[in-house]
Amino acid sequence: MQKTHIPHSAFESLLIAHFLGIFFQPDRWLAGHHMLQTFRSVAAELRSRVRGECFFDEDTRLKFSTAACWYKIIPVGVVAPIDAEDVQSVVRFCNEAGIAVIPRGGGTGLAGQAIGMGIILDFTRLMNRVQSVSDEYVHVQPGVILTDLNNRLRPTGRFFPIDPASEKLCTLGGMIGTNAAGAHGVRYGATKDHVEELSIVLSNGDVVNIGPPGSSQSSSEFYSQILDTIDEPLRSNRDLILQKFPKVEKNSSGYNLRDAIYSEGLDTRKLIIGSEGTLAVVVEAKLKTAKIPTYRMGLLAYFKDYESTLEATLRGLEAHPSAIEILDRTYFLLGSDQRLIQSEAQTMLYYECENDSREALMHDVENLRTILATLHPLHVVELETEAEREQLWQLREEVSETINLTKSKGKTSFIEDVAVPLFQLPAYMRGLQNILNRYNIGFSLYGHAGSGNIHCATFADPTNLDHYRVIDTIASEVNDLAISLGGTLSGEHGDGFIRSPFLERLYGKEVYKLFEVVKDAFDPNHIMNPGKIVGKQHVSILHDLALD
């Protein structure tokens, strides 16, 4: 892996970040008149090729210089394409000119996936249509917001069942880019399990449609070359891939080689899903929908400590719930509605059961009650009405926004998405707490316990030098802990700048080289969202920080 040196001195880092922030504002300082003329010619060329909207003003570029992450990189410009042809035009020009292309959805990514020094493709503005709805499928453009899709589907009695907490802001394109999952992953899995077909723009500008192995697919000479290049290396290393990939319920780290080689034919959909725009740009998707369950019921169980909570997680899976969420006391205290807090409880588990048969639902609920009775929780509350359950999910969404989307110097999300095998949850939780306590960093634990996917918000401030000095060390130690337990660095949020430097450590040199084979085949000039998953990376995750 090629890496560039990032100084460890806080002063040096801030100075260089400040310098780069000025240097890469072409209308202020672009190495003189020649570079300014180059910048103007790029803007003029793209405006002449694109029928959508192009933005090269300072305000727009600043707006798209960051997202829900702690990074800030001012792009060259922002293009809102009107259709796939516009995307083709942008990608072709950027490939010829050696300019990076960064696809972007709602900007809710926590790891820095949707920012970079290049042309941002903003799909939320003009490519945000639900194009068709059928009995079991829906065709969408990448800029469709998840909540809008489900509002459109609700009258049909169906929904898209992947439910990240950012559902009111996140887009389907972004969810495909990170292989998003959510609270109900125990039942519905991740985005990859619901994508039937994709229409993508390759790095040379060709459009291809890809579906399940064996289905008829459009092609191009370049796409055929890609398949010829990657098929043999992946197939000949099948045993290695199956051995090295973590045995976890959810995984959004690296390229999904495991699922790509799982069937008889190479499934390139699985390579694109979760690739964060580093291989191609998704311009349309055919998605599987699910029937809205007829009956739902929820139970809240309160516990005195993390250990008893984790035992209740593993035992609770026996009742076949659709969700098991863990929320600790610190998490609850960040919400405006604290009626659900029990003063003596350190943690809470929320179980949700659903079924089309009320009799079957009550059987599962009764089973869950019996299991919980043997575990002696401090308190159990049943949420029978939709209003009661909605109160819980609103709290969950509100606090998630406070932690992840509200800019604050007092909290960061840099180790927030580890997933481990379910039986390793207790070991991971103990180890995580020990690491953070050793460095005197406060934290809140929450997330999808039923999938082994624990989110961790740390109350660390990068502008505090004592915190700044230990953030890289904490990230390294937590990732090593996850790897030692057979886990993955990201269950559902992706790699971005935060986790890409650790991928070789997670998968080993041989599998990482296969990642490079895939990247080089799809994107030989490395213009597609560079610096994520494969490519030049920083030795520290503390770079290009948005400290203002």
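Up top is the structure.
Analysis parameters
- Residues numbered from 1 in each chain as written.
- Predicted model: local features only at pLDDT ≥ 70, side-chain atom pairs only at ≥ 80, totals over all residues.
- Heavy atoms only, no water.
- Core = buried A, V, L, I, M, F, W, Y, C linked by side-chain atoms within 4.5 Å.
- Buried < 20%, exposed > 50% of the residue type's maximum accessible area, 1.4 Å probe, protein only.
- Helix = DSSP H or I, 4+ residues; strand = E, 2+ residues; numbered from the N terminus.
- Contact = heavy atoms within 4.5 Å.
- Pairing = 2+ DSSP bridges.
- Axes fitted to C-alpha atoms, helices over the stretch in contact; angles between N-to-C directions.
- Polar contact = N/O pair within 3.5 Å; in protein donor to acceptor, adjacent residues only side chain to side chain.
- Phe/Tyr/Trp six-rings, centres within 6.5 Å; stacked < 30°, edge-to-face > 60°.
- Lys NZ or Arg CZ within 6 Å of the ring centre and 35° of its normal.
- Expected span 1.5 Å × (residues − 1).
- Salt bridge = Lys/Arg side-chain N within 4 Å of Asp/Glu carboxyl O.
- Parallel < 35°, antiparallel > 145°, perpendicular 65-115°, else oblique.
- Nonpolar A, V, L, I, M, F, W, Y, C, P; charged D, E, K, R; others polar.

Draft legend 1. Broad picture of the nonpolar core. Counting 116 residues, the largest nonpolar core has Leu198 and Leu257 as the members making the most contacts within it. Of the residues forming this core, the biggest block, 8 residues, is contributed by helix 17 (residues 465-484). Ignoring any residue separated from it by four or fewer positions in sequence, one finds leucine 257 in contact with Leu234, Ile241, Phe245, Leu271, Val511, Leu514, Phe515 and Val518.

Draft legend 2. Focus on the sheet that holds strand 19 (residues 453-459). Sheet architecture is open: 7 strands sit in the order 16-13-15-14-18-19-17, paired in antiparallel fashion. In the strand order of this sheet, the two ends are held by strand 16 (379-383) and strand 17 (418-419), each with one partner. With respect to the sheet, helix 12 (residues 306-316) is in contact with strand 13 (295-303), strand 14 (323-328), strand 15 (347-355) and strand 18 (442-448), its orientation differing from that of strand 15 by roughly 15°.

Draft legend 3. Examining the side chain of glutamate 325 more closely. Within the secondary structure, glutamate 325 sits in strand 14. A polar atom in the side chain of glutamate 325 sits 2.9 Å from the side chain of arginine 396. Ignoring anything within four residues of it in the chain, the contact list for glutamate 325 reads Ala183, Met348, Leu349, Tyr350, Trp393, Arg396, Gly447 and His448.

Draft legend 4. Quick look at the environment of isoleucine 210. Inspection of the secondary structure assignment puts isoleucine 210 in strand 10 (residues 207-210). Linking isoleucine 210 and threonine 268, residues 58 residues apart in sequence, is a C-alpha distance of 7.2 Å. Discounting chain neighbours no more than four positions away, the residues touching isoleucine 210 are Glu196, Glu197, Leu198, Ile200, Gln217, Tyr223, Thr268, Arg269 and Ile272.

Draft legend 5. Expanded view of the side chain of lysine 270. Within the secondary structure layout, lysine 270 lies in helix 11 (residues 268-272). Lysine 270 gets classed as buried once you look at its relative accessible area, which sits at 11%. Beyond its immediate chain neighbours, meaning those up to four positions away, lysine 270 contacts Lys192, Asn256, Asp259 and Ala260.

Draft legend 6. Examining the packing of aromatic side chains more closely. Applying the stated criterion to the full structure yields 10 aromatic pairs. When the ring of tyrosine 507 is compared with that of phenylalanine 515, the centres are 5.1 Å apart and the planes differ by 75°; the resulting orientation is edge-to-face. Judged by relative accessible area, which is 1%, tyrosine 507 ranks as buried. Taken together, the ring pairs connect Phe245, Tyr255, Tyr507, Tyr512 and Phe515 into an aromatic cluster. Positioned over the ring face of tyrosine 137 is lysine 286, at 4.5 Å from the centre of the ring.

Draft legend 7. Looking closely at helix 4 (residues 84-97). For helix 4, built from 14 residues, the straight-helix expectation of 20 Å at 1.5 Å per residue is met to within 8% by its first-to-last C-alpha distance of 20 Å. When helix 4 is considered as a whole, its buried residues turn out to be Asp86, Val87, Gln88, Ser89, Val90, Val91, Phe93, Cys94 and Asn95. A distance of 3.2 Å separates the backbone nitrogen of glutamate 85 from a side-chain oxygen at the start of helix 4, and that oxygen is part of aspartate 83.

Draft legend 8. Structural context of the sheet that holds strand 6 (residues 130-133). Spatially, the 5 strands line up as an open sheet ordered 6-7-11-9-10, and their pairing is antiparallel. Strands with a single pairing partner mark the edges of an open sheet, and in this sheet they are strand 6 and strand 10. When the angles between neighbouring strand axes are averaged without regard to direction, this sheet yields 15°. Relative to strand 11 (residues 281-288), strand 9 (residues 195-201) runs antiparallel, the two sharing 6 bridges. When the sheet's bridge partners are listed, serine 199 is paired in strand 11 with glutamate 284.

Draft legend 9. Fine view of the pattern of salt bridges. Applying the stated criterion across every chain yields a total of 29 salt bridges. Residues arginine 396 and glutamate 325 are paired through a salt bridge, measuring 2.9 Å at the closest nitrogen-oxygen approach. Within this pair, whereas arginine 396 is found in helix 15 (residues 386-404), its partner glutamate 325 is found in strand 14, the two being separated by 71 residues in sequence. Exposure class is identical for arginine 396 and glutamate 325. Each is buried. It is possible to trace a salt-bridge network through shared partners that takes in Arg187, Arg296, Glu352 and Glu354.

Draft legend 10. Representation of unusual backbone geometry within the structure. Of note in the backbone geometry, histidine 320 takes a positive phi value of approximately 55° without being a glycine. Considering the arrangement of structural elements, one finds histidine 320 in the loop between helix 12 and strand 14. Histidine 320 sits in the exposed class, given a relative accessible area of 58%. The backbone of asparagine 440 shows a phi angle near 55°, a positive value even though the residue is not glycine. Here asparagine 440 shows up in the loop between helix 16 (425-438) and strand 18. A relative accessible area of 68% means that asparagine 440 is categorised as exposed.

Draft legend 11. Structural context of the packing of helix 8 (residues 221-236) against helix 20 (residues 509-522). Interhelical geometry of helix 8 versus helix 20 gives an angle of 170° and a closest axis separation of 9 Å. If you check the angle between helix 8 and helix 20, you find them roughly antiparallel. Packed against helix 8, whose contacting residues are Phe222, Ile226, Thr229, Ile230, Pro233 and Leu234, the element helix 20 presents Leu514, Val517, Val518, Ala521 and Phe522 at the interface. Of the residues that constitute the contact of helix 8 with helix 20, the class distribution is 10 nonpolar, 1 polar and no charged.

Draft legend 12. Examining the pairing of strand 3 (residues 77-80) more closely. Across the two faces of strand 3 the burial is the same, with Gly77 and Val79 and Val78 and Ala80 all buried. In this structure, strand 2 (residues 53-55) lies alongside strand 3, joined through 3 bridges in antiparallel fashion. Counted as the bridge partner of glutamate 53 is alanine 80 from strand 3. Sheet analysis places strand 3 next to strand 5 (residues 118-122), joined by 3 bridges and oriented parallel. Bridge pairing in strand 5 links valine 79 to leucine 121.

These figures capture arrangement, not role.
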